[in-house]
Amino acid sequence: MKKLIVIVFCCFFLCCRDSSDKENGTGENLTTVTIVPQEPFPVAKFIEDIRVLPLESDGKHLIGAVDNLLFTRERIVVSDQRLSKCVYIFDYDGSSRKRNGKIKAVIDRQGRGPGEYISPTYTTLTPDSSRIAIYDNLGSKVLFFDLEGRFLEHKEVSFWFSEFEYIDKDHVVCTTYGADDPGLKKADMQGNLMIFTDGDFRIETGGLRNMYGEHPNFPFRPELKKINGDVFLTPAFSDTVYKVGTGSLEPYYHVDISAIGGVTHMDAGISRDEYEDLVDHNNFFSGRFLENDSFALFIFTENREIKERIFDKRTQKVYSLTRDGKVNNPFRISWFDVDLLQSKSICDNRFVAVVPAYYLLMGYSNCADDYPQLAGLKEESNPVLVFYKLKDPDKTD
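Helices and strands together make up the secondary structure of the protein chain, namely six helices and 27 strands. Looking at the protein chain residue by residue over its 397 residues, the buried ones come to 53%. Looking at the protein chain alone, contacts between residues at least 24 apart form 53% of all its contacts between residues at least 6 apart. For the protein chain, the computed accessible surface area is about 18300 Å², with 47% contributed by carbon and sulfur atoms.

Attention now goes to the environment of Leu224. Counting through the fold element by element, Leu224 comes out in strand E17 (residues 223-227). For Leu224, a relative accessible area of 6% puts it in the buried group. Spatially, the C-alpha atoms of Leu224 and Lys243 are 10.0 Å apart, while their sequence positions differ by 19 residues. Apart from residues lying up to four places away in sequence, Leu224 is in contact with Tyr122, Glu163, Phe164, Glu165, Val173, Thr175, Val231, Phe232 and Leu233.

Position of Ser320 among the secondary structure elements: in strand E24 (residues 317-321). With residues up to four places along the chain from it excluded, the contact list for Ser320 reads Gln38, Glu39, Pro40, Phe41, Glu308 and Arg309.

Negative charge collects at one region of the surface, where Asp267, Asp273, Glu274 and Asp277 lie side by side. Using a relative accessible area of 46% as the deciding quantity, one classes Asp277 as partly exposed.

With that out of the way, let us pick up the pairing of strand E18 (residues 230-234). Each regular strand displays side chains that alternate between the two surfaces of the sheet. Counting buried residues along E18, four of its five residues qualify, which places the element largely inside the surrounding structure. As judged from the five bridges shared by E17 and E18, these two strands associate in the antiparallel manner. Looking at the pairing, Glu223 lines up with Thr234 of E18. The hairpin formed by E17 and E18 contains two residues between the paired strands, and Asn228 there has a positive phi angle of roughly 50 degrees. Where E18 and strand E19 (residues 240-245) come together, two bridges link them in antiparallel fashion. Bridge pairing in E19 links Phe232 to Lys243. Once E18 ends, the chain turns through five residues before running back antiparallel as E19, passing Phe237 with a positive phi of about 60 degrees.

With antiparallel pairing, the four strands of this open sheet are ordered in space as E5-E6-E7-E8. The sheet is open, and its two edges are formed by strand E5 (68-71) and strand E8 (103-107), each paired on a single side. Neighbouring strand axes in the sheet, compared pairwise and without regard to direction, differ in orientation by 15 degrees on average. Bridge count for strand E7 (residues 86-91) against E8 is four bridges, and the pairing is antiparallel. Across the sheet, Ile89 pairs through a bridge with Ala105, a residue of E8.

The strand order across the open sheet formed by four strands is E9-E10-E11-E12, and the pairing between neighbours is antiparallel. At either end of the open sheet lies a strand with only one pairing partner, and these are strand E9 (120-125) and strand E12 (151-156). Each neighbouring strand pair of the sheet contributes to a mean axis angle of 20 degrees, computed without reference to strand direction. By the bridge criterion, five bridges tie E9 to strand E10 (residues 131-136) in an arrangement that is antiparallel. Paired with Thr124 across the two strands is Ala133, which belongs to E10.

Rules used in this analysis
- By convention here, each chain's residues receive numbers from 1 onward along its written sequence.
- Only residues with pLDDT of at least 70 are given local features in this predicted model, and only at 80 or more are side-chain atom pairs given and counted; all residues enter the totals for whole chains, interfaces and linings.
- No hydrogens and no water enter the side-chain calculation; it runs on all heavy atoms of the structure.
- Put simply, DSSP marks the helices as runs of H or I at least four residues long and the strands as runs of E at least two long, and each gets a number from the N terminus on.
- For every residue, the accessible area obtained with a 1.4 Å probe (protein chains only) is divided by the maximum for its type, and the residue is called buried under 20%, exposed over 50%, and partly exposed between those limits.
- Every residue pair with non-hydrogen atoms within 4.5 Å of one another is taken to be in contact.
- In short, Shrake-Rupley with a 1.4 Å probe defines the accessible areas, and a residue's cover is counted only from the protein chains shown.
- Residues qualify for a patch when their relative accessible area is over 30% and they have no salt bridge, like charges being joined within 9 Å and the nonpolar side chains of Val, Leu, Ile, Met, Phe, Trp and Tyr within 5 Å.
- By definition here, a salt bridge exists when the distance from a side-chain nitrogen of Lys or Arg to a carboxyl oxygen of Asp or Glu is within 4 Å.
- Positive charges come from Lys and Arg, negative ones from Asp and Glu, while His and the chain ends are left out of the count.
- To locate a charge, take atom NZ for lysine, CZ for arginine, CG for aspartate or CD for glutamate.
- A pair of strands counts as paired when DSSP detects no fewer than two bridges linking them.
- For helices, the fitted axis covers only the stretch in contact; all axes are lines through C-alpha atoms, and the angles between them, taken along N-to-C directions, range from 0 to 180 degrees.

Next comes the structure, spelled out in structure tokens:
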């Protein structure tokens, strides 16, 4: 069995080391982002341009929630694994300001037969962006469809996992539930929260041991995210984002939260009451982040409230953001300003947020004149995608 390689630092060392004397900066492979107490900055000052794209509905399959938002040169792929349990395919033209959004196909194949899934747990694209891969955890398989929604094939999987991404066509990384799964046990990989497989989901190696037991008192699975072809993983209660390679993890961001009383380690034997008290009165890096060429958006929980920080890679500055109208309204440029903070994906170097139609209707009179594409929007319409081009917030227009 191959060994997992962790490049430069181990996770425990990065989570526990003293970073009080470091400033924001980039090492050979690691960027440190230092979070300090500061007054919130108006979101609008980061926004250079906003484009909106309503997603068309076929009248039968409505998107209830967006779990995965994926882009190719000609398609948008949206998965709703919890409500409609469908995967939606829309036309997309990255060179056009209209960007289309016409519905092309809906993958709605619930069942136990060939080409069907019981539970569409996670959806991603193959590395060449030519096929949609849908993981069915209850059916123990990954199903593949083309970008027209046609079923192609499936591959059996021998263990349960929660999410997966392709590192390349021959290598996959999966995050697991940390339990003594029979398939993992057979491969002597039980208790690992991260599993590397080949392109056919045969287990090769694993890592990130689960020290919290099969039934912990809190969420403990790592965060997994693919951005512009690169795969990133953040262990629970960590301050380090890792870039995933073939059987390796390389530290990519060290998010130093010591100055805001951040907690970066959870004792294995902590009780539920102790955990709840810790979350009520402390700050954590959630592990969620999103980046384009110039900016990285990090999500935190501070005394149970969601807080965002944005890191300007060019100036190495960190800004605290807020949804508070008292801070944002005087600088407001659009109804969509604050929705930047809930961005789910990157496309054409723009942050992309998903905004429900019913939310837009509450302020329709405020945005209809600026965005004629929203004409005819109804409560039962599919969501609207909002594309944000960002700018240096300290530069005056």
